[in-house]
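Chain by chain, the residues:
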Amino acid sequence: MADIAIILAYVGVAALLLASGDRLGERAACFALRRCQRPPLLCLPAWLHVSIALLIPSLVLAGVFVTAVAYSRNALEIIANNLELILLAVFFLTGLTGGFLCGARRL
Amino acid sequence: MALSRPFCAPEQLERNWEHAVLMRVLIYGTLAVVAALLLVDTNLGTSVGKYGRQAVSTAVAHLEKRGMTSDADVAGRLAASDGFRESKIYGYIVRLARSSDLDFSFYAYTPLLSRSRVFIGESFWDVGVVGRSSVLIHEIAHITRHQERLLGGFPRSADEAQAYRRQYLTYRAVGLSPSTDGIAYWNMMMGIYTYVLPAYPEYRYRPDVRLAMRELGLGD
């Protein structure tokens, strides 16, 4: 029961980070739209926006791992030990890119 | 010029809004599915099965025989509540690393979000009962520290220092040596080098640690 409560708390934190990243990303897109005065900001098909939003956080996560492997075995182990924390950062990053790309299509 | 001037017709705005919602469903839905699979597999996992439970019971019996009753009690309670688990994703990664001839071992780990489970890795089955008992002591040190604090504390490398230290302090009592389950012994010594020596430099002067560091080519 305690385990389920901890997992639910983690999911809640992840959802909060995702939502705040999304809002921040959308705000950034709106700001950029106002600056350039030319809609839409990114003239790409929706499926490409979705792919980019999923690809960027995955690439960042992969980059962190590859750098750790190149740096030392110890660094990789520390990352593996704290994977849940890193995943929280990925949630925020996905929210940020997702929000930006959704916002960039609007107007 | 007004900054909030609409660029499109109302029907276009409506369509764009629908697009944005659909894109969010696709992006965050994919993320949620992947994250849920990862979380469940690496924190709840699946049971090790009948053979796995038997192997763990043998290691627990060995710990009891060697007088490590407190560790044997914790391990026995975990075994009784089906707390020894395995992760399919980590299993796949280890098998992939091994098929690529990478020097990679994975004995066991205690998940961050679950305080009453120990995950058994592929390498656990490569060692005999003595090596498994020693690995169990390491993991039980994690579990004990884990249960004392919410989420186990960060960073977890601090826990590794304590767990390897406990494994080192008990390895003779368990019967672990370079000739008996040497893989587990050398893995423990690598852990001593990586985690324990930075936190406890005095261990550097112990004869067995000095010898192991020389053998591993890590200097005196």
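Chemist: Explain the overall build of chain B to me, please; I cannot follow it from the model alone.
Modeler: What chain B contains, in helices and strands, is eight helices and four strands. Here the contacts in chain B between residues at least 6 apart in sequence split such that 69% fall between residues at least 24 apart.

Chemist: I would appreciate a short explanation of the packing of aromatic side chains in the present structure.
Modeler: Given two aromatic rings, one states the distance between the centres and the angle between the planes to describe the pair. Residue and element names in this part refer to chain B. Summed over the entire model, instances satisfying the criterion amount to eight aromatic pairs over all chains. Here tyrosine 185 and tryptophan 186 contribute two aromatic rings whose centre-to-centre distance is 5.0 Å and whose plane-to-plane angle is 85 degrees, an arrangement assigned as edge-to-face. On the basis of relative accessible area, tyrosine 185 is assigned to the buried category, the value being 5%. Taking the relative accessible area as the measure of exposure, tryptophan 186 reaches 28% and is therefore partly exposed. Above the plane of the ring of tyrosine 200 lies arginine 165, whose end atom (NZ or CZ) is 4.4 Å from the centre. The ring of tyrosine 203 has arginine 206 lying over it, and the distance from NZ or CZ to the ring centre is 4.5 Å.

Chemist: Please clarify how the nonpolar core should be interpreted in this entry.
Modeler: One recurring pattern in soluble globular proteins: nonpolar side chains tend to sit buried together. Residues and elements named next belong to chain B. Ranked by size, the top nonpolar core spans 42 residues in total, and within it Phe84, Tyr168, Met188, Met189 and Ile192 carry the most contacts. Listing elements by their share of this core, those giving two or more residues are helix 2 (49-65), helix 3 (69-80), strand 4 (118-120), helix 5 (129-148), helix 6 (157-174), helix 7 (182-199) and helix 8 (207-215). With eight residues, the single largest contributor to this core is helix 7. Setting aside residues up to four positions removed in sequence, phenylalanine 84 forms contacts with Ser47, Val48, Val56, Ala75, Leu78, Ala79, Val118, Ile120 and Leu136.

Chemist: What's the story with the confidence of the model for chain B in this structure? I'm lost.
Modeler: Low-confidence regions, as indicated by low pLDDT, have predicted coordinates that should not be scrutinised in detail. All names here are of chain B. The predicted model of chain B averages 82 in pLDDT, with 86% of residues at 70 or higher. Element-level pLDDT for chain B is lowest in strand 3 (residues 108-109), with a mean of 78, against a maximum mean of 91 in helix 8. Throughout residues 1-6 the model reports pLDDT below 50, and contacts reaching past four residues in sequence, or to other chains, amount to four contacts. Reported for the predicted complex are a pTM of 0.72 and an ipTM of 0.73.

Chemist: Hey, could you run me through the packing of helix 7 of chain B against helix 8 of chain B in this one?
Modeler: To describe two helices that pack against each other, one gives the angle between their axes and the distance between the axes. All names here are of chain B. Across the interface, helix 7 lies against helix 8 with an axial gap of 10 Å and an inter-helix angle of 105 degrees. On the basis of their axis angle, the class for helix 7 and helix 8 is roughly perpendicular. On helix 8, the residues that touch Tyr185, Trp186, Met189, Ile192, Tyr193 and Leu197 of helix 7 are Asp208, Val209, Ala212, Met213 and Glu215. Here the residues of the contact of helix 7 with helix 8 sort into nine nonpolar, no polar and two charged.

Chemist: Help me understand the packing of helix 2 of chain B against helix 3 of chain B, please; the structure alone is not making it clear to me.
Modeler: All names here are of chain B. Between helix 2 and helix 3, the shortest axis-to-axis distance is 9 Å and the interhelical angle comes to 160 degrees. Compared by their axis directions, helix 2 and helix 3 come out roughly antiparallel. Crossing handedness for the pair helix 2 and helix 3: left-handed. Counted together, Val56, Val60, Leu63 and Glu64 of helix 2 and Asp71, Ala72, Ala75, Gly76 and Ala79 of helix 3 form the full contact between these two elements.

Chemist: Explanation requested: unusual backbone geometry in the structure shown.
Modeler: Phi angles above zero are rare outside glycine, and B:Asp82 is one such case at about 55 degrees. For B:Asp82, the location among the structural elements is in the loop between helix 3 and strand 2 (84-86).

Chemist: What am I meant to see in helix 4 (residues 88-99) of chain B here?
Modeler: One turn of an α-helix holds 3.6 residues; hence residues three or four places apart share an orientation. Residue and element names in this part refer to chain B. End to end, helix 4 covers 16 Å across 12 residues, agreeing with the expected 16 Å (1.5 Å per residue, within 8%). Backbone nitrogen of isoleucine 89 and a side-chain oxygen of the N-cap are separated by 3.4 Å at the start of helix 4; the cap is serine 87. Following helix 4 by one or two positions, aspartate 101 adopts a phi angle in the positive range, close to 60 degrees.

Chemist: Just to check I follow, could you spell out the side chain of B:Thr42 for this structure?
Modeler: Residue and element names in this part refer to chain B. Looking at where threonine 42 falls in the secondary structure, it is placed in helix 1 (residues 10-44). Accessibility expressed as a relative area gives 8% for threonine 42, which makes it buried. Within the structure, threonine 42 has its side chain in polar contact with the side chain of asparagine 43 (distance 3.4 Å). Every residue in contact with threonine 42, bar those within four places of it in the chain, is listed here: Ser87, Tyr90, Tyr109, Pro111 and Phe119.

What counts and what doesn't
Residues numbered from 1 in each chain as written. Chains lettered and ligands numbered in written order. Predicted model: local features only at pLDDT ≥ 70, side-chain atom pairs only at ≥ 80, totals over all residues. Heavy atoms only, no water. Helix = DSSP H or I, 4+ residues; strand = E, 2+ residues; numbered from the N terminus. Contact = heavy atoms within 4.5 Å. Phe/Tyr/Trp six-rings, centres within 6.5 Å; stacked < 30°, edge-to-face > 60°. Buried < 20%, exposed > 50% of the residue type's maximum accessible area, 1.4 Å probe, protein only. Lys NZ or Arg CZ within 6 Å of the ring centre and 35° of its normal. Core = buried A, V, L, I, M, F, W, Y, C linked by side-chain atoms within 4.5 Å. pLDDT = per-residue confidence, 0-100. Axes fitted to C-alpha atoms, helices over the stretch in contact; angles between N-to-C directions. Parallel < 35°, antiparallel > 145°, perpendicular 65-115°, else oblique. Nonpolar A, V, L, I, M, F, W, Y, C, P; charged D, E, K, R; others polar. Left-handed = near helix turned anticlockwise from the far one by under 90°. Expected span 1.5 Å × (residues − 1). Polar contact = N/O pair within 3.5 Å; in protein donor to acceptor, adjacent residues only side chain to side chain.

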